[in-house]
There are 2 protein chains.
Amino acid sequence: MEKLTVIKVGGKIVEEETSLQQLLSDFAKIDGYKVLVHGGGRSATKLAEKLGIETKMVNGRRITDKETLDITVMVYAGLVNKKIVAKLQEIKINALGLTGADINLIRSEIRPVKEIDYGFVGDVKQVDGKKLSVLIQEGIVPILAPLTHDGHGNLLNTNADTIAGETAKALALFFDVKLIYCFEMKGVMEDITKEDSVIRHIDRERFEELVKTGIIKDGMIPKLQNAFDCIHAGVKEVIITQSTDIQGLNGTSID
Amino acid sequence: MEKLTVIKVGGKIVEEETSLQQLLSDFAKIDGYKVLVHGGGRSATKLAEKLGIETKMVNGRRITDKETLDITVMVYAGLVNKKIVAKLQEIKINALGLTGADINLIRSEIRPVKEIDYGFVGDVKQVDGKKLSVLIQEGIVPILAPLTHDGHGNLLNTNADTIAGETAKALALFFDVKLIYCFEMKGVMEDITKEDSVIRHIDRERFEELVKTGIIKDGMIPKLQNAFDCIHAGVKEVIITQSTDIQGLNGTSID
């Protein structure tokens, strides 16, 4: 199978002009098939502020009422996504911006209300890897905004990490998939106060040790569990690294 | 060649919930390949107002400074386009929302400054009918937002009528194209005060007569000239009709 890289980048790097240019130029250099998944939360919060709409976050997730949904659609599918697409076209990358509603790519279900009502937030149910792979094999580079749809006419705000993971899994049937998660640190750190303490490789066994010893804890546990789920579902390698290293050369490799 | 219908609908019909539902259900009923081109000006003006940004229009065109461009991108490519896509997916139409930047579909040039500086407004230079026809033949239904790009990383606000016309021309190489322009009247009227005075058919000769006698005048002249340009470029039929008649059964047929 041919190689494909799925890269998830957070909001900050795509929302500032200079870091975005660097990111896209790095992205252009990646060999083989590729998919970019982006965030845009900071811009959404900024637009909400300008419109006098209060932003409510719970566990890092945006409570998405009707007005907030419209804001995320405008910012993620419009402003952020199309700016990336236009800039990639400038450097001859045949980018195509997509939400999960386009070509029915990602179906989700509105998150059930338990302690918290997240509103129009979707949990991913199905990614159409077949349809996406056809586009990719035509030379198209999909740029995915963190929005999905429920099949009943509703767009749903959806976590970009989840979209990246589920898309990587769905594409693993058609390609040798490497999934790169970019975040604010250099990788999984032995000691977060020491820049040079990146743990370069983690397998399932090492993961369990690191959790036992307390080196991996809190939000890092679900992040890594998600990575192992992807590996289990056929993704060849997951790399956790920082946004300046989207080729994943210096991060933590998980398999 | 197989039949394809390009339909251009204005802002109002896609911006109101009930008329949008009716439009999309009518759109679903159209046989054969199809493309929808939409506006969204009213929503853009509304968002600008909420953000305290003044809307300036000259000859019906929006003066598009940097802030206004962002608004059009958010509204056209985000809010309006993705709402249409999600609602079409609900009724099993395999919609794909596109701007001219996506897959480098529509290249434009920023409009030269003469008496008026329109800002980030694009004049269409090239539509990639080949790439679009490949998607269409895969069963994808393109939904085009009125935005293009200049190939230098800039999105440009672009007239939806022009996008519909140029797209119809580009697709005429691959399909038997019918182009339907929906606007506020029933068609080209013999007497705009009389509802039943729709002129059902206009060819080049009749057009010249109608201009001479003053029945066709003002903004209607360029509209019809544009229609004849499309016919000249290989589009089989252009229909001018109202938004409640997107099948073009009761409007003015131009060939």
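Here the residue numbering is sequential within each chain, running from 1 through the sequence in written order. Numbering of ligands from 1 and lettering of chains from A proceed in the order in which they are written. In view of the model being predicted, local features appear only for residues whose pLDDT reaches at least 70, and side-chain atom pairs are presented and counted only at 80 or more, with totals across whole chains, interfaces and linings using the full set of residues.

**As for the nonpolar core**
When a protein is soluble and globular, its nonpolar side chains tend to lie buried together. Note the following rule: Joined through C-beta atoms within 7 Å, a set of buried Ala, Val, Leu, Ile, Met, Phe, Trp, Tyr and Cys residues constitutes a nonpolar core. To assign burial, the other C-beta atoms lying within 10 Å of each residue's own C-beta are counted, with C-beta atoms placed from the backbone; 20 or more indicates buried, 12 or fewer indicates exposed, and intermediate counts indicate partly exposed. Whether two residues are in contact depends on their C-beta atoms, placed from the backbone: they are in contact if these lie within 7 Å.
Counting 156 residues, the largest nonpolar core has Val6 and Leu179 of chain A together with Val6 and Leu179 of chain B as its most contacted members. The contacts of Leu179 of chain A, once residues within four sequence positions are left out, are Val6, Ala164, Gly165, Ala168, Cys230, Val235 and Val238 of chain A.

**Let's talk about the packing of helix α3 (residues 41-50) of chain A against helix α4 (residues 66-90) of chain A**
Any two packed helices are characterised by the angle at which their axes cross and by the distance between the axes. All names here are of chain A. What counts, and what does not: Comment: axis = line fitted to C-alpha atoms, over the contacting stretch for helices; angle = value between 0 and 180 degrees taken between N-to-C directions. Secondary structure elements are taken from DSSP: a helix is a run of H or I of four residues or more, a strand is a run of E of two residues or more, and numbering for both begins at the N terminus. Between 65 and 115 degrees an angle is taken as roughly perpendicular, under 35 as roughly parallel, over 145 as roughly antiparallel, and anywhere else as oblique. In a left-handed crossing the near helix is turned counterclockwise from the far helix by less than a right angle, and in a right-handed crossing that turn is clockwise.
Orientation of α3 relative to α4, taken along the N-to-C sense of each, is 130 degrees, at an axis distance of 9 Å. Our classification of the angle between α3 and α4 gives oblique. Where α3 crosses over α4, the two elements pack in a sense that is right-handed. Of the residues in α4, those in contact with Ser43, Ala44, Leu47 and Ala48 of α3 are Thr68, Ile71, Thr72, Met74, Val75, Leu79 and Val80.

**Quick notes on the relation of the copies chain B and chain A**
For these two chain copies, the linking operation is a rotation about an axis paired with a shift along it. Short version of the rule: All copies are superposed by least squares; the fitting set is the C-alpha atoms of residues with a pLDDT of at least 70 in both.
Note on the identical chains: chain B maps onto chain A by a rotation of 180 degrees and an axial translation of 0.0 Å, with an RMSD of 0.0 Å. Taken together, these values place the two copies in the relation of a two-fold axis. Both copies contact each other with a shared surface, as 100% of the interface residues of chain B are interface residues in chain A too.

**Focus on the confidence of the model for chain A**
Defined as follows: The predictor attaches a confidence to each residue, called pLDDT, with possible values from 0 through 100.
Considering every residue of chain A, the mean pLDDT works out to 95; 100% of them sit at 70 or more. Scored by ipTM, the complex comes to 0.96, with pTM at 0.96.

**Some details on the interface of chain B and chain A**
Heads up, the condition is: Side-chain classes follow a simple rule in which Ala, Val, Leu, Ile, Met, Phe, Trp, Tyr, Cys and Pro form the nonpolar group, Asp, Glu, Lys and Arg form the charged group, and the remainder, Gly included, forms the polar group.
Listed as interface residues are 32 residues of chain B and, on the opposing side, 32 residues of chain A. Of all the elements in the fold, those that place two or more residues in the side of chain B that touches chain A are α4 (66-90) and β5 (95-98) of chain B. Top element by residues in the side of chain B that touches chain A is α4 of chain B. It accounts for 13 residues. By residue class, the composition of the side of chain B that touches chain A is 14 nonpolar, eleven polar and seven charged.

**As for α4 of chain A**
All names here are of chain A. Heads up, the condition is: Expected helix span is computed as 1.5 Å times (number of residues minus one). The bend at a residue is defined as the angle formed between two axes, one fitted to the seven residues ending at that residue and one fitted to the seven starting there.
The end-to-end C-alpha separation of α4 is 35 Å, in line with the 36 Å expected for 25 residues at 1.5 Å each. Its maximal kink placed at Asn81, α4 deviates by approximately 35 degrees. Within α4, 22 of the 25 residues are buried, which leaves it mostly tucked inside the rest of the structure. Positive phi shows up at Lys92, right after α4, with a value of about 65 degrees.

**Some remarks on unusual backbone geometry**
Phi is positive for Ile103 of chain A, which is not a glycine, with a value near 45 degrees. Relative to the elements of secondary structure, Ile103 of chain A occurs in the loop between β5 (95-98) and β6 (106-110).

**Observations regarding the pairing of strand β1 (residues 3-9) of chain A**
Residues and elements named next belong to chain A. This is how it is decided: Any two strands with at least two DSSP bridges between them are considered paired.
Most of β1 is tucked away, with six of its seven residues classed as buried. Bridging between β1 and strand β11 (residues 176-183) involves six bridges; their strand directions are parallel. From the neighbouring strand, Lys3 faces β11, where its bridge partner is Asp176. Sheet topology places β1 next to strand β2 (residues 33-38); six bridges connect them, and they run parallel. Considered in β2, the bridge of Ile7 is made with Leu36.

**Looking at the environment of Ile254 of chain B**
All names here are of chain B. Within the fold, Ile254 resides in strand β14 (residues 252-254). Through-space distance from the C-alpha of Ile254 to that of Arg200 is 8.6 Å; in sequence the pair is 54 residues apart. Those residues in contact with Ile254, other than ones at most four positions away along the chain, are Ile202, Leu224, Ala227, Phe228, Ile231, Val238 and Ile240.

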